[in-house]
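# Structural overview for review
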Amino acid sequence: IKTIGILTSGGDAPGMNAAIRAVTRSAIFSGFKVKGIYRGYKGLLTNEIVDFKTQNVSNIIQMGGTILKTARCQEFKSPEGRQLAYDTLRQHEIDALVVIGGDGSLSGARAFATEFNFPCIGLPGTIDNDLYGTDETIGYDTALNTIMECVDKIRDTATSHERLFFIEVMGRDAGFLALNGAIASGAEAAIIPEISTEVDQLAELIQNGFRKSKNSSIVLVAESPVTGGAMALAERVNKEYPEYDVRVSILGHLQRGGSPTARDRILASRLGSAAIDALLDDQRNVMIGISNDEIVYVPFSKAIKKDKPINRSLLDTLRRLSI
Ligand code: ATP
């Protein structure tokens, strides 16, 4: 391997820039050439590729988003699209790829690596924290802190008006942001997809009178077809229990923005650096993760399984602290 290509794909996450910087600098440190690929897999089809020197990644560790831009790319899901991508990589003499993104992006890397026997290394870049095999993903801690700050603000108005607030947070099929966000912001409850099929979380909350002793309540809801989302839950409460003055706040894309926290910058730096160690170590088709503060190599097939377990004792902690 002489030249390493790097791209960010799927949803952006704070800390992606710190990861780009770490991969680029570690690669150059180890004697590789680096090429930056713009707009995720799309850049491989449109040939948006530039040489990356150490200066290309100067002054970006503190920036949210991704300087390489990101995109979704439908064509890459087909073998024909991936063939075109392979041709572009050969044309640029890129002989290994580092992909920073979520489960979709790593699924793409897996398909590509298998078809062309092309060395690919993945870095978990998503605020959702839903990649199996790593304790945390790049962007998760920053998003969690953003949620906490937003909920703190909503709490001021919730308390003043004695209202019940449903605050919807991202997470798709994972409740990490909702559950830990609820604990961090002192919310009453979190409605998460992991237990939605086992218990009617809303019914349970209603039964307990939300928070009997308090005059306002905050419930974090993971955005997911399984939970139904905050809007649907609020409608249900409004219909069945008009005595509650329910308000909904959907935090949306602001959860993706912002300067990464120290924790995310350090995680991205360690994982990015380890991606180069992995290539030097002849590792192929693995995601670099962190487990108990140690770097781990997680095969793509495992990382994208979509069944990362959530620590259920956190639910108990939340329940206990919201009496
Ligand atoms: P996030 O978790 O933040 O949404 P993601 O990486 O999961 O990020 P996706 O939109 O699912 O985001 O995937 C990003 C891109 O990866 C897609 O636009 C597509 O180009 C590629 N991709 C996703 N799934 C596959 C697949 N099964 N095969 C090939 N390529 C894929």
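Residues numbered from 1 in each chain as written. Predicted model: local features only at pLDDT ≥ 70, side-chain atom pairs only at ≥ 80, totals over all residues.

### Description of the pairing of strand S1 (residues 3-8)
- Burial analysis of S1 places 5 of its 6 residues in the buried class, the great majority of the element.
- Both S1 and strand S2 (residues 33-37) contribute to a ladder of 4 bridges, which runs parallel. Within S2, the position partnered with Gly5 by the bridge is Lys35.
- In this view, the connection linking S1 to its parallel neighbour S2 by way of helix H1 (residues 16-29) has right-handed handedness. (Buried ≥ 20, exposed ≤ 12 C-beta atoms within 10 Å, placed from the backbone. Helix = DSSP H or I, 4+ residues; strand = E, 2+ residues; numbered from the N terminus. Pairing = 2+ DSSP bridges. Right-handed = clockwise from strand over helix to strand, strands pointing away.)

### Some points on the site of the ligand
- If you check the shell around the ligand, you find 18 residues, and the closest are Gly10, Gly11, Gly102, Gly104 and Gly108.
- Per-element accounting of the shell around the ligand gives the leading share, 6 residues, to helix H4 (residues 103-116).
- Residue composition of the shell around the ligand, by class: 4 nonpolar, 10 polar and 4 charged. (Near = placed C-beta within 6 Å. Nonpolar A, V, L, I, M, F, W, Y, C, P; charged D, E, K, R; others polar.)

### Examining helix H6 (residues 176-185)
- Within H6, 8 of the 10 residues are buried, which leaves it mostly tucked inside the rest of the structure.
- Regarding H6, the residues found buried are Phe176, Leu177, Ala178, Leu179, Asn180, Gly181, Ala182 and Ser185.
- Its buried side turned inward, H6 meets helix H5 (140-161), strand S6 (164-169), strand S7 (189-191), strand S8 (217-222) and helix H11 (313-321).
- Remark: Gly186 follows H6 within two positions and exhibits a positive phi of approximately 70°. (Contact = placed C-beta atoms within 7 Å.)

### Points about helix H3 (residues 79-91)
- Here H3 spans 18 Å end to end across 13 residues, near enough to the 18 Å set by a 1.5 Å rise per residue.
- Inspection of H3 places Arg82, Ala85 and Leu89 among the buried residues, and these make up the whole buried set. Looking straight down H3, one finds that the buried residues subtend no more than 55° of arc, so they occupy a single side. Opposite the buried face of H3, by more than 90 degrees, sit the exposed residues Glu80, Arg90 and Gln91.
- For H3, the elements touching its buried residues are S1, helix H2 (42-46) and H4.
- Two residues or fewer past H3, Glu93 is found with a positive phi of approximately 55°. (Expected span 1.5 Å × (residues − 1). Arc of directions from axis to C-beta.)

### Description of the sheet that holds strand S5 (residues 120-124)
- If you walk across this open sheet you meet the 7 strands as S3-S2-S1-S4-S5-S10-S11, and the pairing is mixed. Two strands bound the open sheet, and with one partner strand each, they are strand S3 (49-52) and strand S11 (294-299). Averaged over all neighbouring strand pairs, the angle between strand axes comes to 30°, with direction disregarded.
- Across the sheet, H1 lies against S1, S2, S3, strand S4 (96-101) and S5, angled at about 180° from S1, the strand it touches most.
- Strand contacts of helix H9 (residues 262-280): S4, S5, strand S10 (286-291) and S11, with the helix running at about 135° to S10, the strand carrying the most contacts. (Axes fitted to C-alpha atoms, helices over the stretch in contact; angles between N-to-C directions.)

### Regarding the sheet that holds S8
- The strand order across the open sheet formed by 4 strands is S7-S8-S6-S9, and the pairing between neighbours is parallel. At either end of the open sheet lies a strand with only one pairing partner, and these are S7 and strand S9 (246-250). Strand-to-strand, the axes of this sheet are offset by a mean angle of 25°, without reference to chain direction.
- Strand direction decides the pairing type here: S7 and S8, joined by 3 bridges, are parallel. Directly across from Ala189, in S8, lies its bridge partner Val219.

### Details of the confidence of the model for the protein
- Chain-level statistics for the protein give a pLDDT mean of 94 and a share of 99% at 70 or above.
- As scored by the predictor, the complex reaches a pTM of 0.96 and an ipTM of 0.95. (pLDDT = per-residue confidence, 0-100.)

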